[in-house]
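Structural description and commentary
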Amino acid sequence: MTAAQTAAGLFGRARRLVVKIGSSLLVHPESGTLRHDWLEALAGDIAGCRARGQEVTLVSSGAIALGRRQLGLPAGPLRLEESQAAAAVGQVRLVHAYQAILAPHELRAAQVLLTLGDTEARRRYLNARNTLATLLRLGVVPVINENDTVATTEIRYGDNDRLAARVAQMITADCLVLLSDIDGLYTADPRRSDDATHVAVVERITPAVEAMASARAGTEFGSGGMTTKLIAATIAVGAGCHTVIANGTPPSPLAAILAGGRCTWFVAQASPRAARKEWIAGSLVPAGAVMVDAGAVRALGTGKSLLPAGVVGVEGGFQRGDAVLIKGPDGAALGRGLSAYSAADA
């Protein structure tokens, strides 16, 4: 497929889009102020999507980057409490900016703040999904960010690439757009290698593809690199959601994707799985593991259930209902499931 055919097929016909926007795209690195011209062009893109009948959800970074300048915090790493204070101040400006740019297009914005627990705990996951579905049904553009004011290191996503993938999975999106400062995946880091070749389409995420995504240095404001984007693509594609990594720096990045601009597409090979299986598969923090014997490995491979006789050991301190890995005799992870027993009972 050509770039134009891919864009028209996977982006142009998508019913529901999730667009992730990084801090480095939103905020001038020198002044710490919003790039208003870029935001206004993005609003035009969103209006164009809506005119085509597409629902758009934004996952937007930028709160800490905006807040740290307002609070006069120095450049470089911040202490946890400083980051949380900056997020509290910056989130107000961020959401107000989205309200302001969308209003001329007669579009409304809604703020949704999520933590890792909101997408890992089943009941909270369902509540968040229902809220987002209602907002989209009412014609609102949800603006989602991690709730940095309450999330500590242990309960954070840490980057919005993976959060965006979980949101895409949550709302059964057709296409996840990861806007970056690079136009997709390369066989090597193009900043360091003259032999780096752009990869336009990825049909399967193999170890060779993973090797291409060696971590790129983040910006002063950003926390994600190509590795986190590949993790996000894996989650989204597994849920039947096509994923594209594109350069978001120029104005109107969504229009550029639709026009066949240079980017990398990760093509989902199957329709979304059952919602419960999607949620289990996308769980980022398994609470433990269940080791099984060779007979259980063969049974699971044919779609049969895991019986107690096949379990030979457990790892971790999981409780009933927690997500756990299922490992074979060689220690390799075979899949994920929800445990019917606590670790002690198992």
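Residues numbered from 1 in each chain as written. Predicted model: local features only at pLDDT ≥ 70, side-chain atom pairs only at ≥ 80, totals over all residues. Heavy atoms only, no water.

In this section: the overall build of the protein chain. Helices and strands together make up the secondary structure of the protein chain, namely 13 helices and 14 strands. When the 346 residues of the protein chain are sorted by exposure, 49% land in the buried category. Long-range contacts, defined as pairs at least 24 residues apart, comprise 71% of the intrachain contacts of the protein chain with a sequence gap of at least 6. Accessible surface computed for the protein chain: about 15,700 Å², of which carbon and sulfur atoms make up 54%. (Helix = DSSP H or I, 4+ residues; strand = E, 2+ residues; numbered from the N terminus. Buried < 20%, exposed > 50% of the residue type's maximum accessible area, 1.4 Å probe, protein only. Contact = heavy atoms within 4.5 Å. Areas by Shrake-Rupley, 256 points an atom, 1.4 Å probe, with all protein chains shown as cover.)

This brings us to the pattern of salt bridges. A full pass over the atoms with the stated rule returns nine salt bridges. Arg-79 is the partner of Glu-82 in a salt bridge, and the nearest nitrogen-oxygen pair spans 3.3 Å. By relative accessible area, Glu-82 is classed as buried at 18%. A salt bridge links Arg-124 to Asp-118, with the shortest nitrogen-to-oxygen separation between them at 3.1 Å. Salt bridges sharing common partners tie together Lys-20, Asp-161 and Lys-229. (Salt bridge = Lys/Arg side-chain N within 4 Å of Asp/Glu carboxyl O.)

Confidence along the protein chain averages 86 in pLDDT terms, with 89% of residues attaining 70 or more. Segment residues 215–223: pLDDT under 50, and 25 contacts once partners within four positions in sequence are set aside and those in other chains are kept. (pLDDT = per-residue confidence, 0-100.)

Attention now goes to the environment of Gly-310. Tracing the backbone through its elements, the reader meets Gly-310 in the loop between α13 (294–301) and β12 (311–316). For the pair Gly-310 and Gly-295, spaced 15 residues apart in sequence, the C-alpha to C-alpha distance is 6.8 Å. Sequence-distant contacts of Gly-310, defined by excluding residues within four places in its chain, comprise Met-291, Val-292, Asp-293 and Ala-296.

We now examine the environment of Pro-250. Structurally, Pro-250 is set in the loop between β9 (242–247) and α11 (253–258). Residues Pro-250 and Trp-38 lie 212 residues apart in sequence; the distance between their C-alpha atoms is 7.6 Å.

In this section: the sheet that holds strand β11 (residues 288–292). Spatial ordering of the open sheet is given by β12-β11-β13-β14, a layout of four strands whose pairing is mixed. Only two strands of the sheet have a single neighbouring strand rather than two, namely β12 and β14 (333–338). Each adjacent strand pair in this sheet contributes to an overall mean axis angle of 25°, direction not counted. Bridge analysis of strand β13 (residues 323–327) against β14 gives five bridges, and the strand direction is antiparallel. Residue pairing across strands places Lys-327 opposite Ala-333, the latter belonging to β14. (Pairing = 2+ DSSP bridges. Axes fitted to C-alpha atoms, helices over the stretch in contact; angles between N-to-C directions.)

Among the six residues of β9, five are classified as buried, and the element is accordingly described as predominantly covered. Bridging between strand β5 (residues 175–180) and β9 involves six bridges; their strand directions are parallel. Each bridged residue has a counterpart across the sheet, and for Cys-175 the counterpart in β9 is His-242. With four bridges joining them, β9 and strand β10 (residues 263–266) adopt antiparallel strand pairing. Bridge assignment links Val-244 to a residue of β10, and that residue is Trp-265.

Take the packing of helix α3 (residues 36–51) against helix α5 (residues 80–102) next. Running from N to C, α3 and α5 point in directions that differ by 60°, and their axes come no closer than 9 Å. Considering their axes alone, α3 and α5 lie oblique with respect to each other. Crossing handedness for the pair α3 and α5: right-handed. Only Ala-97, Tyr-98, Ile-101 and Leu-102 of α5 make contact with α3, whose side of the interface consists of Leu-39, Glu-40, Leu-42, Ala-43 and Ile-46. Tallied by class, the residues present in the contact of α3 with α5 amount to eight nonpolar, no polar and one charged. (Parallel < 35°, antiparallel > 145°, perpendicular 65-115°, else oblique. Left-handed = near helix turned anticlockwise from the far one by under 90°. Nonpolar A, V, L, I, M, F, W, Y, C, P; charged D, E, K, R; others polar.)

One finds Val-18, Val-167 and Leu-176 to be the most contacted residues of the largest nonpolar core, which totals 41 residues. Here this core gets seven residues from one element, more than from any other, and that element is helix α10 (residues 226–238). Those residues in contact with Leu-176, other than ones at most four positions away along the chain, are Val-18, Ala-164, Ala-165, Ala-168, Ala-232, Ala-236, Cys-241, His-242, Thr-243 and Val-244. Counting 39 residues, the second largest nonpolar core, distinct from the first, contains Ala-65, Leu-66, Val-141 and Val-177. (Core = buried A, V, L, I, M, F, W, Y, C linked by side-chain atoms within 4.5 Å.)

Moving on to helix α7 (residues 122–137). An ideal rise of 1.5 Å per residue puts 22 Å on 16 residues; α7 measures up with 22 Å between its terminal C-alpha atoms. Along α7, the positions that sit buried rather than exposed are Tyr-125, Ala-128, Leu-132, Leu-135 and Leu-136. Burial along α7 is one-sided: seen end-on, the buried residues are contained in an arc of 95°. Every exposed residue of α7 that faces more than 90 degrees away from the buried side is listed here: Arg-123 and Arg-137. Looking one or two places after α7, you find Gly-139, whose phi comes out positive at around 80°. (Expected span 1.5 Å × (residues − 1). Arc of directions from axis to C-beta.)

A word on unusual backbone geometry. If a residue is not glycine, its phi is most likely negative; likewise, a peptide bond is most likely trans. Phi is positive for Glu-106, close to 60°, though the residue is something other than glycine. Among the residues examined, Glu-106 registers a relative accessible area of 74% and is labelled exposed. Of note in the backbone geometry, Thr-172 takes a positive phi value of approximately 55° without being a glycine. Relative to the helices and strands, Thr-172 resides in the loop between α8 (160–170) and β5.

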